[in-house]
Amino acid sequence: MAVEPLIFELSQPERRGVRFPAPDVPETPFPDELRRDRLDWPEVSEIDVIRHFTRLSQKNHAIDINIYPLGSCTMKYNPKINEAVARLPGFAELHPYQDEADAQGALELMHELQEMLGEISGFDAVGLQPAAGSQGELTGVLMIRAYHRERGDTARTKILVPDSAHGTNPATAIMAGFEVVTLPSDARGNVDLEAVRSAVGSDTAGLMITNPNTLGLWDEHIREVVDLVHEAGGLVYNDGANFNAILGIARPGDLGIDVMHFNLHKTFSTPHGGGGPGSGPVGVRADLEAYLPGPRVRAVRTEAGSGNGGATDEGVRFEWFQPEKSIGRVHSFHGNFGMHVRAYCYIRMHGAAGLRQVSEDAVLNANYLLARLRDRYEVAYDRTCMHELVLSGSRQKANGVRTLDIAKRLLDFGVHPPTTYFPLIVPESIMIEPTETESKESLDFFVDAMLQIADEAERTPEVVTGAPHRTEFKRLDEVAANRNLNLRWQPARAEQAAAQPKEALAAD
Ligand SMILES: *Cc1c(COP(=O)(O)O)cnc(C)c1O
């Protein structure tokens, strides 16, 4: 006698969550010509909906459930105060077409966020429009292209990208019409300086570098690398995904970088994963400011005491403007404003000293994991790491246990696995980023799980290769999941619904 679990399709004809009172005006049919399609909504009660979404939420891992050490993604805790502030009606109920004068508080917040991000990173100007790090990259590289074109420098067709880079870097360069030149890493995990020297030339549009890089290492020659590219007439883009390692400690603008993106959903604690939305502002040096996507916000001084309708501060008004040589829009309206509010709240909550402590703790936590794991797992590059560390599962592989198996086994501990098989230059790589928001107990729990898995790989490898044992689904066909993504719910057709088991616990 099998009891069917509750299924996905719960719709029953005429079932409802809400009943409206009878109308006190004449009913008028909705004109058919205004309808794109018949909306085949599910018919469910309130409790059906609540249970459906609560059930779904429990099938996923989340930072609110357990440690999420997904290297390079900075899956830090998202403080709940950010949510409370973003839901304030003055922010949440604004319409993007709202008159500038009625939205002065929102414009002021965006302006202040631009200024604060500029201060933290050492850039002269920041544009908030891009919706993700990768879109920030595209924005930055299109600005580099516009800069060279304006100078008539059309022979610059190549972008240099280190081999440790995230895949979005070469993809961005190609989308922007450039040719990618891959630079090797040296024995200490830096970009190979000799390779930079021989690659740069009059055809170099720029270099995209990630510093600290995806090996979790600070590039020891960053100044020389930047200078070499500049001497050849190119510009330097910094992929800011790893900014969490250096807040209040080093500023990319001071290192001579020309453009950089921030991932607000990584470094600045706005929600990450689950489909977004993200935010990837771009910081630039003064000579690139005019190319930023528009509209942007600026502060304008008004005559003191004059009635400046809607101004929040006496003598200052905020307004939209279009940068003179803007590459254009990269997002509708003004970017993901709700994320700007959350990041603003996070920065203000920490202050300068607090942000520095964020990075110091993130680096400390990563080095603690490195110290506790290094005897049992190969370390890719034997150096003090920054906010993340890269191990290799090559020792376990000798026993037939691959990094993929280690990742699957971690699921049995309720832990989200680290990033695996990236960076590509480390065989069987395991890239771990604990973030500053994990306690010592939670770090120890993760280490103990990793050490137990190392033991199992030696003594009972089948426990690891057969994992996960405790999750609802075991090993999925990951190729099919990638190639045949099906993310869109569509109403079940009547005949399909009829063919499904009934909603209640049907016993057979
Ligand atoms: C996350 C990440 C990106 C892309 O950022 P998104 O916001 O996910 O588009 C680029 N580079 C590195 C190193 C990253 O970790």
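Residues numbered from 1 in each chain as written. Predicted model: local features only at pLDDT ≥ 70, side-chain atom pairs only at ≥ 80, totals over all residues. Heavy atoms only, no water.

**Q** Can you walk me through the domain arrangement of the protein chain in this structure?
**A** Quoted interface sizes are often the accessible area lost when the parts come together. For the protein chain, the domain assignment lists domain 1 (80-349) and domain 2 (358-478). On a C-alpha basis, the centroid separation for the pair domain 1 and domain 2 is 32 Å. Of the roughly 1,700 Å² buried between domain 1 and domain 2, counting both surfaces, carbon and sulfur atoms make up 61%. Along the contact surface separating domain 1 from domain 2 lie 1 salt bridge. The salt bridge involving arginine 383 is made with glutamate 220; its shortest N-O contact spans 3.6 Å. Inspection of the region where domain 1 meets domain 2 yields 9 residue pairs in polar contact (both at pLDDT 80 or more). Grouping the amino acids of the side of domain 1 that touches domain 2 by side-chain chemistry returns 12 nonpolar, 10 polar and 4 charged. (Domains from an automatic or database assignment. Buried area = accessible area lost by both parts, 1.4 Å probe. Salt bridge = Lys/Arg side-chain N within 4 Å of Asp/Glu carboxyl O. Polar contact = N/O pair within 3.5 Å; in protein donor to acceptor, adjacent residues only side chain to side chain. Nonpolar A, V, L, I, M, F, W, Y, C, P; charged D, E, K, R; others polar.)

**Q** Before we go on, may I ask you to explain the sheet that holds strand E10 (residues 378-379) in this structure?
**A** Remark on secondary structure: sheet strands pair via backbone hydrogen bonds, oriented parallel or antiparallel. A sheet is described by the order of its strands in space; here 4 strands give the open sequence E10-E11-E13-E12, paired in antiparallel fashion. Lying at the two open borders of the sheet, with one neighbouring strand each, are E10 and strand E12 (419-420). Bridging between strand E11 (residues 389-392) and strand E13 (residues 429-432) involves 4 bridges; their strand directions are antiparallel. Of the residues in E13, the one forming a bridge with serine 392 is serine 429. (Pairing = 2+ DSSP bridges. Helix = DSSP H or I, 4+ residues; strand = E, 2+ residues; numbered from the N terminus.)

**Q** Please clarify how the site of the ligand should be interpreted in this entry.
**A** Neighbouring the ligand are 13 residues, the closest being Ser72, Ser134, Asp239, His265 and Lys266. One of the side-chain N or O atoms of serine 72 is found 2.5 Å from an oxygen atom in the ligand. Separating a nitrogen atom of the ligand from a side-chain N or O atom of aspartate 239 is a distance of 2.5 Å. Starting from 380 Å² of accessible surface for the ligand in isolation, the protein chains cover 89%. Looking at the shell around the ligand element by element, the count peaks at 3 residues for helix H5 (residues 133-150). Partitioned by chemical class, the residues of the shell around the ligand number 2 nonpolar, 8 polar and 3 charged. (Near = heavy atom within 4 Å. Areas by Shrake-Rupley, 256 points an atom, 1.4 Å probe, with all protein chains shown as cover.)

**Q** Sorry if this is basic, but what is going on with the packing of aromatic side chains here?
**A** The geometry of an aromatic ring pair is captured by two quantities: the separation of the ring centres and the angle between the planes. Enumeration over the complete set of coordinates arrives at 5 aromatic pairs. With centroids separated by 5.8 Å and ring planes inclined at 70°, the aromatic side chains of phenylalanine 243 and phenylalanine 262 adopt a geometry described as edge-to-face. Remark: phenylalanine 262 occurs in the loop between strand E6 (259-261) and strand E7 (282-284) and phenylalanine 243 occurs in the loop between strand E5 (235-239) and E6; sequence separation between them is 19 residues. Just as phenylalanine 243 is buried, phenylalanine 262 falls in that class too. Pairwise contacts between aromatic rings join Phe243, Phe262, Phe268 and Tyr346 into one cluster. (Phe/Tyr/Trp six-rings, centres within 6.5 Å; stacked < 30°, edge-to-face > 60°. Buried < 20%, exposed > 50% of the residue type's maximum accessible area, 1.4 Å probe, protein only.)

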